[in-house]
Amino acid sequence: TAAKRALDSGAVAEAAHFYDLVVRNESDERRRADAAAQLATALHMNRDIKRANPALELASARLRAVGMLERARRMDIRRVEGIVEAGDTPVREVIERLGTIKQEARDAEDWEAVALALDVELQLLQLGEDFDGVRNLEQEFLEVTEAGSRSAKAIAHLGMAVGILPDDPTMAVQLAREAVRLTDAISVDRRLKALNRLLIVFYHQGLLHRPENQALISEAQTLAEGSGDLLQRFSFESNMGAAAMDGGEPDRAEAQFAKARRLLGSADMTFPRINLACNAGELALERGDFEDAETAFEEAGTYLGLAIPKYTSDFVNAGLG
């Protein structure tokens, strides 16, 4: 269909328009439910969270009404991510919602959904600086690797790689590499996410610019340029900018950060904006541009929300100091 072609080519806004037409005009309930799910997913990928959240809730209800429970669970997980971005709900309450989704997925042996929920939970625990909670997820991820599909195993390996990175960076590299290997035959967006995670692990280990890893960077860049997942596109540009800055290449870092900022546009992406502002501040400090640094760190400190991590204020205060 035209919508599927648009989505596959990264034209998410165009795809959302087509799916909206189907939702409004299709009489078959299963087709309407499918189109509602595709519309909600497209809005979420484009980080139009204010529209995506109600669309995801409606899509989940319609999918459940026609018995498409696996699809509904994925809408529910995206909805949780949207609730976090909206910033009006305490992180602990959001984690409780994920627990309900996880249990339903386990009961149905929908291990991919379990892995997706765990991955979101991992990120929420990190935002809340609950590092013991992060470590406690390892056994749940291992359960998925033993019982799940190839896709579920790939997601679980990504989660374990991030969770174990502070304690065992060598193992984190192995897990992230395995996740990338497992995404060979899975969707482009899933592979881009796996590559982005691997590049983050490389970055923290000082391995990013080794010659043997350049092919992975090139692949991630190609996938990012054609992806409809705005967050993953931003992540690639931002992370490569940070790596260039730390590697003593300020001009290259500035160019990467500029690309990342253009991607943000008016999208609902609070924490990426904080991260980018802090990076811009660090780059300005590196160049001795103290007024620009002050402006950047002050911008980072303007973002509010219950899901904003407490350590953000430490970044801002350190930068201003």
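Residues numbered from 1 in each chain as written. Predicted model: local features only at pLDDT ≥ 70, side-chain atom pairs only at ≥ 80, totals over all residues. Heavy atoms only, no water.

Here we look at the overall build of the protein chain
Step number 1: The helix and strand inventory of the protein chain stands at 18 helices and zero strands.
Step number 2: For a compact globule of 321 residues, the expected C-alpha radius of gyration is about 20 Å, and the protein chain comes in at 20 Å, within 12% of that figure.
Step number 3: Expressed as lengths along the three principal axes of its C-alpha atoms, the size of the protein chain is roughly 60 × 40 × 40 Å.
Step number 4: Taking all 321 residues of the protein chain together, the buried fraction comes to 50%.
Step number 5: Sequence-distant contacts in the protein chain: of pairs separated by 6 or more residues, those separated by 24 or more amount to 57%.
Step number 6: Accessible surface, the protein chain: about 15,200 Å² in total, of which carbon and sulfur atoms supply 49%.
Step number 7: Measuring between centres, the 38 positive side-chain charges of the protein chain sit 6 Å from its 54 negative side-chain charges. (Helix = DSSP H or I, 4+ residues; strand = E, 2+ residues; numbered from the N terminus. Rg over C-alpha atoms; globule rule 2.2 N^0.38 Å. Buried < 20%, exposed > 50% of the residue type's maximum accessible area, 1.4 Å probe, protein only. Contact = heavy atoms within 4.5 Å. Areas by Shrake-Rupley, 256 points an atom, 1.4 Å probe, with all protein chains shown as cover. Lys, Arg positive; Asp, Glu negative; His and termini not counted. Charge placed at Lys NZ, Arg CZ, Asp CG, Glu CD.)

What about helix H5 (residues 69–86)?
Step number 1: Under the 1.5 Å per step criterion, the end-to-end length of H5 is 25 Å for 18 residues, consistent within 8% with the ideal 26 Å.
Step number 2: Those residues of H5 not exposed but buried are Ala72, Arg73, Arg74, Met75, Asp76, Ile77, Val80, Gly82, Ile83, Val84 and Glu85.
Step number 3: In the core, the buried residues of H5 are packed alongside helix H3 (29–45), helix H4 (49–65), helix H6 (91–107), helix H7 (111–127) and helix H16 (270–287).
Step number 4: One or two steps after H5, the chain reaches glycine 87, where phi turns positive at roughly 80°. (Expected span 1.5 Å × (residues − 1).)

Things to note about the pattern of salt bridges
Step number 1: Counted by the stated rule, this structure contains 31 salt bridges.
Step number 2: The partner of aspartate 130 in a salt bridge is arginine 92, with the nearest N and O atoms 3.5 Å apart. Pair noted here: aspartate 130 is in the loop between H7 and helix H8 (131–136) and arginine 92 is in helix H6, with a separation of 38 residues, a long-range link.
Step number 3: Residue class for aspartate 130 comes out partly exposed when judged on its relative accessible area of 26%. (Salt bridge = Lys/Arg side-chain N within 4 Å of Asp/Glu carboxyl O.)

Brief notes about the side chain of arginine 47
Step number 1: Mapped onto the secondary structure, arginine 47 falls in the loop between H3 and H4.
Step number 2: When near neighbours in sequence (up to four residues on either side) are disregarded, arginine 47 contacts Glu85, Leu230, Leu231, Ala267, Asp268 and Met269.

A look at the confidence of the model for the protein chain
Step number 1: Residues of the protein chain with pLDDT of at least 70 account for 93%, and the chain-wide mean is 90.
Step number 2: Element-level pLDDT for the protein chain is lowest in helix H1 (residues 2–8), with a mean of 51, against a maximum mean of 96 in helix H15 (residues 250–264). (pLDDT = per-residue confidence, 0-100.)

Some thoughts on the packing of helix H9 (residues 138–147) against helix H10 (residues 150–164)
Step number 1: H10 packs onto H9 with a crossing angle of 155° between their chain directions and a minimal axis gap of 8 Å. Accordingly, the angle class assigned to the pair H9 and H10 is roughly antiparallel. Note on packing geometry: the crossing formed by H9 with H10 is left-handed. Across the interface between the two elements, Glu138, Phe141, Leu142, Val144 and Thr145 of H9 pack against Ala152, Lys153, Ile155, Ala156, His157, Gly159 and Met160 of H10.
Step number 2: Of the residues assigned to the contact of H9 with H10, the class counts are seven nonpolar, three polar and two charged. (Axes fitted to C-alpha atoms, helices over the stretch in contact; angles between N-to-C directions. Parallel < 35°, antiparallel > 145°, perpendicular 65-115°, else oblique. Left-handed = near helix turned anticlockwise from the far one by under 90°. Nonpolar A, V, L, I, M, F, W, Y, C, P; charged D, E, K, R; others polar.)

As for H3
Step number 1: Under the 1.5 Å per step criterion, the end-to-end length of H3 is 24 Å for 17 residues, consistent within 8% with the ideal 24 Å.
Step number 2: The buried count for H3 comes to 12 of 17 residues, which makes it a mostly enclosed element.
Step number 3: Within the sequence span of H3, burial applies to Ala33, Ala35, Ala36, Ala37, Gln38, Leu39, Ala40, Thr41, Ala42, Leu43, His44 and Met45.
Step number 4: The opening residue of H3, the one whose side-chain oxygen lies 3.1 Å from the backbone nitrogen of arginine 30, is aspartate 28.
Step number 5: Once H3 ends, the next one or two residues include arginine 47, with phi positive near 55°. (Polar contact = N/O pair within 3.5 Å; in protein donor to acceptor, adjacent residues only side chain to side chain.)

Topic: the nonpolar core
Step number 1: Leu124, Val144 and Phe202 are the most contacted members of the largest nonpolar core, which has 59 residues in total.
Step number 2: Residue contributions to this core peak at 12 residues, all from H7.
Step number 3: Once residues lying within four places of it in the same chain are set aside, the contact partners of phenylalanine 202 are Val173, Arg177, Leu207, Leu208, Asn213 and Leu216.
Step number 4: Listed in part, the 16 residues of the second largest apolar core include Ala15, Tyr19, Ala33 and Ala37. (Core = buried A, V, L, I, M, F, W, Y, C linked by side-chain atoms within 4.5 Å.)

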